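So the chains spell out like this:
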Amino acid sequence: MAEFGENVRSLRQAKGLTQQSLADQLYVTRQAVSRWEGGSRYPDLMTAKKLAEVLDSTMDALLSQ
């Protein structure tokens, strides 16, 4: 599911957010955001919903190719 990480990175960069600023908004560590983008970890469901909100996206868009 590497496309999830690519989608997160692309949307984050499009909004002009750093990994740290995104992490701060989600109350997670910068390392967590880095792992999501790298595809080695995935957020829990509640964090993923908040992630979609912060990135002005939908869960479907985050998960799609």
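The structure we're discussing is the one just above.
Residues numbered from 1 in each chain as written. Predicted model: local features only at pLDDT ≥ 70, side-chain atom pairs only at ≥ 80, totals over all residues. Heavy atoms only, no water.

(A) Geometry of the nonpolar core. V8, L22, W36, L51, L55 and L62 are the most contacted members of the largest nonpolar core, which totals 14 residues. Broken down by secondary-structure element, the contributors of at least two residues to this core are α1 (2-14), α2 (19-26), α3 (30-38) and α4 (45-54). If we skip the residues at most four places from it in the chain, L22 touches V8, R12, L17, V33, L51, V54 and L55. (Core = buried A, V, L, I, M, F, W, Y, C linked by side-chain atoms within 4.5 Å. Buried < 20%, exposed > 50% of the residue type's maximum accessible area, 1.4 Å probe, protein only. Helix = DSSP H or I, 4+ residues; strand = E, 2+ residues; numbered from the N terminus. Contact = heavy atoms within 4.5 Å.)

(B) The arrangement of the packing of α2 against α4 in detail. Relative orientation of the contacting elements α2 and α4 amounts to 125°, with a least axis distance of 10 Å. Here α2 is positioned oblique relative to α4, judged by the angle of their axes. In terms of crossing hand, the pair formed by α2 and α4 is right-handed. On α4, the residues touching L22, Q25 and L26 of α2 are T47, K50, L51 and V54. (Axes fitted to C-alpha atoms, helices over the stretch in contact; angles between N-to-C directions. Parallel < 35°, antiparallel > 145°, perpendicular 65-115°, else oblique. Left-handed = near helix turned anticlockwise from the far one by under 90°.)

(C) Looking closely at the packing of α2 against α3. Packing of α2 against α3 brings their axes to within 8 Å, and their N-to-C directions diverge by 110°. If you check the angle between α2 and α3, you find them roughly perpendicular. Counting all contacts with α2, which are made through Q19, Q20, L22, A23 and L26, the residues of α3 involved are R30, V33, S34, W36 and E37. Of the residues contributing to the contact of α2 with α3, the split by class is five nonpolar, three polar and two charged. (Nonpolar A, V, L, I, M, F, W, Y, C, P; charged D, E, K, R; others polar.)

(D) Representation of the pattern of salt bridges within the structure. Inspection of the entire model under this criterion finds three salt bridges. For R9, the salt bridge identified is with E37, shortest N-O distance 3.4 Å. With R9 in helix α1 and E37 in helix α3, the pair connects residues that are 28 residues apart, well separated along the chain. Residue classification places E37 among the buried residues on the basis of a relative accessible area of 3%. Among the ionic pairs, K15 bridges to D56, the shortest N-O distance being 2.7 Å. (Salt bridge = Lys/Arg side-chain N within 4 Å of Asp/Glu carboxyl O.)

(E) Quick peek at the environment of S34. For S34, the position within the fold is in helix α3. Measuring from C-alpha to C-alpha, the distance between S34 and F4 comes to 12 Å, with 30 residues separating the pair along the chain.

(F) Up close: the side chain of E37. At 2.8 Å, the side chain of E37 and the side chain of Q19 are in polar contact. When near neighbours in sequence (up to four residues on either side) are disregarded, E37 contacts G5, E6, V8, R9, R12 and Q19. (Polar contact = N/O pair within 3.5 Å; in protein donor to acceptor, adjacent residues only side chain to side chain.)

By themselves these figures say nothing about function.
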